[in-house]
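Residue-level structural notes
Listed below, chain by chain, are the residues.
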Amino acid sequence: MTALTLSTSAAPGLRADAIVIGVAKGAKGPVVAPGAEAVDKAYDGKLAGVLETLGASGAEGELTKLPAPAGFKSALVIAVGLGTVPDDGTGYGAEALRRAAGVAARTLNGAKKAAFALPVEDAAAVGAIAEGVLLGAYSFDVYKDNGSSAKAKADKAPLAEATLLGGKPRDAAHKAALARATAVSEELNRARDLINTPPNDLTPAAFAAIAQRAAKEHGLKVQVLDDKALAKDGYGGILGVGGGSAATPRLVKLSYTSPGADKHLAFVGKGITYDSGGISLKPAGHNETMKCDMSGAAAVFAAVVSAARLGLEVNVTGWLALAENMPSGSAVRPGDVLRMYSGKTVEVLNTDAEGRLVLADALWAASAENPDAIVDVATLTGAMMLALGSRTFGIMANDDAFRTAIHEAAEEVGEPAWPMPLPEHLRKGMDSPTADIANMGERMGGGLVAGLFLREFVGEGITWAHLDIAGPAFNEGGAFGYTPKGGTGSAVRTLVRLAELTAEGDLG
Ligand code: BES
Ligand code: MN
Ligand code: ZN
């Protein structure tokens with residue numbers, strides 16, 4: 001990952017491949033953003049005009065390259081769009097900075113060193129720019145270029161070094177913001193790696209082994225239940241879903257405990273390492289990206305490790321419900337009844353509604369510890385993508401205030417999210433003539449039906465929320481802002497923020 005430093009040096013004397021500056025959209029054309037004064041001065045104060053001549057407007061995501069002025073030690077200036085100038089001429093929002101830094105960092109893949117001269121007003125800006133750089137520079141090429149030259153590989157490698165100008169290396173708040181951004185971005189990028197890893201390599205056992213290694217490294221407690229242990233304890237949901245695959249399922253429990261904590265959060269992640277649909281097989285066109293179906297577990301994993309690295313004063317337990325959903329002679333059939341870990345029976349009407357089955361067992365296991373709140377994260381339904389599109393996750397909860405708090409936390413960290421209801425009338429669609437409940441209900445409102453199903457497996461009186469990240473978990477389009485193609489790491493930053501708020505006593 002890119003190495004970041006803070007520096008108060010002036011842009012002209014910096015030896016780098018490029019200097020990144022901000023340009024915003026003003027009423028009468030592009031405006032050079034604060035932070036780039038030295039660069040503007042070297043252009044005789046006419047940089048805005050130069051940029052306009054080159055076609056720049058300052059729109060978000062826009063990128064303009066120009067030769068650095070004479071006397072500069074870098075060859076290139078990269079002007080990146082920040083969107084509309086804020087009313088007061090300063091106060092560029094964290095998300096605008098994060099996105100702009102991300103766009104610039106991505107175009108700098110292959111470069112050795114860049115200086116970022118974006119507007120830095122406070123420590124929050126330092127954190128946002130750092131996150132933008134670290135997340136935007138991400139690339140996944142483990143499986144690429146086999147046999148190609150070292151040079152070809154280096155051309156695509158993430159930006160090696162970045163200096164954030166205006167960030168004060170001796171300011172405690174600036175340093176803390178940089179350290180936080182580094183820890184969270186590193187773990188988030190690791191979640192992206194897990195999501196992008198093909199399912200023939202990332203089996204439930206492989207994922208569990210990675211969690212065990214990370215636990216050792218960061219002083220977490222870890223417990224892995226394999227198929228035999230799951231059978232002994234009666235985890236019928238996870239075993240049912242995983243039963244069709246030669247790669248057997250796992251339930252991983254990762255615990256971070258802080259000596260100063262008086263609150264306990266449980267995060268539960270859907271970890272379907274591949275979702276073929278099972279006997280209710282998905283048609284071609286719907287299964288090519290289904291390695292992403294463990295994105296919830298990846299997010300939970302990253303959030304727990306982040307909480308540990310940040311030393312938050314809150315206990316956080318992560319539950320990874322890992323299974324591969326495959327059709328075979330030992331697979332669960334439509335019509336089968338599973339006895340779940342909670343003791344409830346479920347009639348499986350569609351084996352492609354598997355996420356709720358593994359989550360149900362993990363939610364019940366998490367409930368047994370009576371945490372202050374449980375948040376599950378899952379690529380659960382295509383219906384949620386139809387409702388909210390591919391960049392926004394849905395939030396459902398059994399507590400309105402908790403749902404609102406999560407929505408606000410998501411907004412604060414720059415993750416688009418939206419509250420969704422759990423309409424009671426949809427419950428009866430899951431009535432089963434044979435079992436306590438069926439794993440499918442009405443087609444309309446399918447994302448909410450899934451939420452209602454999960455609610456039945458949350459322990460009595462426990463505050464719970466469900467994040468359906470089916471849309472934003474995996475970016476099938478082109479990269480934008482600091483979001484790459486492929487696995488995005490959706491929900492990691494919201495979960496980390498929730499843990500921070502809980503530690504600070506600002507939540508529940
Ligand atoms: N993993 C899918 C949901 C999904 C679809 C995630 C597209 C990301 C992109 C989930 O297991 C699934 O198949 N859900 C079904 C449920 C239905 C059978 C009730 C769906 O949404 O079609
Ligand atoms: Mn499915
Ligand atoms: Zn699935």
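On a predicted model such as this, the values are computed, not experimentally measured, just so you know. (Residues numbered from 1 in each chain as written. Chains lettered and ligands numbered in written order. Predicted model: local features only at pLDDT ≥ 70, side-chain atom pairs only at ≥ 80, totals over all residues. Heavy atoms only, no water.)

Moving on to the overall build of the protein chain. Looking only at helices and strands, the protein chain features 15 helices and 20 strands. In terms of overall dimensions, the protein chain is globule-like: its C-alpha atoms have a radius of gyration of 24 Å, near the 23 Å expected for 508 residues. When each of the 508 residues of the protein chain is scored for burial, the buried share is 56%. Long-range contacts, defined here as pairs at least 24 residues apart, represent 76% of the contacts in the protein chain between residues at least 6 apart. Just so you have it, the protein chain exposes about 20,000 Å², and 52% of that area is on carbon and sulfur atoms. (Helix = DSSP H or I, 4+ residues; strand = E, 2+ residues; numbered from the N terminus. Rg over C-alpha atoms; globule rule 2.2 N^0.38 Å. Buried < 20%, exposed > 50% of the residue type's maximum accessible area, 1.4 Å probe, protein only. Contact = heavy atoms within 4.5 Å. Areas by Shrake-Rupley, 256 points an atom, 1.4 Å probe, with all protein chains shown as cover.)

In the vicinity of ligand 1 lie 17 residues, with Lys282, Asp293, Asp352, Glu354 and Gly382 positioned nearest. In this structure, a nitrogen atom belonging to ligand 1 sits 3.4 Å away from a main-chain N or O atom of Leu380. Considering ligand 1 on its own, with 520 Å² of exposed area, one finds that the protein chains cover 79% of that surface. Those elements that place two or more of their residues in the shell around ligand 1 are strand E10 (264-275) and helix H12 (382-388). Among the residues making up the shell around ligand 1, the classes are represented as 6 nonpolar, 4 polar and 7 charged. (Near = heavy atom within 4 Å. Polar contact = N/O pair within 3.5 Å; in protein donor to acceptor, adjacent residues only side chain to side chain. Nonpolar A, V, L, I, M, F, W, Y, C, P; charged D, E, K, R; others polar.)

Another aspect to go through is the side chain of Ser245. Locating Ser245 in the fold gives a position in the loop between helix H9 (236-242) and strand E9 (250-256). Using a relative accessible area of 11% as the deciding quantity, one classes Ser245 as buried. There is a polar contact of 2.6 Å between the side chain of Ser245 and the side chain of Glu324. When residues no more than four places from it in sequence are discounted, the contact partners of Ser245 are Glu324 and Met326.

Right, let's talk about the environment of Ala378 for a bit. Relative to the elements of secondary structure, Ala378 occurs in strand E14 (residues 373-378). Setting aside anything within four residues of it in sequence, one finds Ala378 in contact with Lys270, Gly296, Leu359, His466, Leu467, Asp468, Ile469 and Ala470.

The next thing to look at is the coordination of the manganese ion (ligand 2). Here the manganese ion (ligand 2) is held by the protein donor atoms Asp275 (OD), Asp352 (O), Asp352 (OD) and Glu354 (OE), which lie 2.0 to 2.2 Å from it. If you look at the manganese ion (ligand 2), its 6 donor atoms make angles of 70 to 169 degrees with each other, and the shape they trace is irregular. All donors to the manganese ion (ligand 2) come from one chain, and their sequence spacing reads D-x76-D-x1-E. Between the manganese ion (ligand 2) and the zinc ion (ligand 3), both coordinated by Asp275, there is a metal-metal distance of 3.1 Å. Given the relative accessible area of 24%, Asp352 is considered partly exposed. With relative accessibility at 0%, the residue Glu354 sits in the buried group. (Donors = N, O, S within 2.8 Å, 3.2 Å for Na, K, Ca; no water. Tetrahedral: all angles 85-135°; square planar, octahedral: opposite > 155°, others 65-115°.)

With that settled, consider a negative patch on the surface. A grouping of Asp87, Asp88, Glu121 and Asp122 is seen on the molecular surface, where their side chains present a negatively charged patch. Within the secondary structure layout, Asp122 lies in the loop between strand E6 (113-117) and helix H4 (123-136). (Patch = residues over 30% accessible without salt bridge, like charges linked within 9 Å, V, L, I, M, F, W, Y side chains within 5 Å. Salt bridge = Lys/Arg side-chain N within 4 Å of Asp/Glu carboxyl O. Lys, Arg positive; Asp, Glu negative; His and termini not counted. Charge placed at Lys NZ, Arg CZ, Asp CG, Glu CD.)

Only Lys270 (NZ), Asp275 (OD), Asp293 (OD) and Glu354 (OE) from the protein reach the zinc ion (ligand 3) as donors, at distances of 2.0 to 2.4 Å. Considered as a linear motif, the donors of the zinc ion (ligand 3) on their single chain read K-x4-D-x17-D-x60-E. Here Lys270 falls in the buried class, since its relative accessible area comes to 1%.

Take helix H10 (residues 295-310) next. With 16 residues, H10 should reach 22 Å at 1.5 Å per residue; the first-to-last C-alpha distance of 22 Å fits that figure. One or two steps after H10, the chain reaches Gly311, where phi turns positive at roughly 60 degrees. (Expected span 1.5 Å × (residues − 1).)

Across the sheet, which stays open at both edges, the 3 strands sit in the order E12-E13-E17 with mixed pairing between neighbours. Either end of the sheet is taken by a strand with one partner, and the two such strands are strand E12 (337-339) and strand E17 (437-438). (Pairing = 2+ DSSP bridges.)

What follows covers the packing of helix H13 (residues 400-413) against helix H15 (residues 492-503). Relative orientation of the contacting elements H13 and H15 amounts to 115 degrees, with a least axis distance of 9 Å. Of the two elements, H13 crosses H15, and the hand of that crossing is right-handed. Of H15, the residues touching H13 (which contributes Ile406, Ala409, Ala410, Glu412 and Val413) are Arg493, Thr494, Arg497, Leu498 and Leu501. Taken together, the residues that form the contact of H13 with H15 break down as 6 nonpolar, 1 polar and 3 charged. (Axes fitted to C-alpha atoms, helices over the stretch in contact; angles between N-to-C directions. Left-handed = near helix turned anticlockwise from the far one by under 90°.)

Domain annotation for the protein chain reports domain 1 (3-170) and domain 2 (186-503). Facing the 14 residues of domain 1 at the interface are 18 residues of domain 2. Surface buried jointly by domain 1 and domain 2 totals about 1,300 Å² across both partners, of which 59% is contributed by carbon and sulfur atoms. Per-residue buried area on domain 1 facing domain 2 is highest for Leu135, Tyr138 and Tyr143; these three make up 48% of the total on that side. For the pair domain 1 and domain 2, the interface holds 1 salt bridge. (Domains from an automatic or database assignment. Buried area = accessible area lost by both parts, 1.4 Å probe.)

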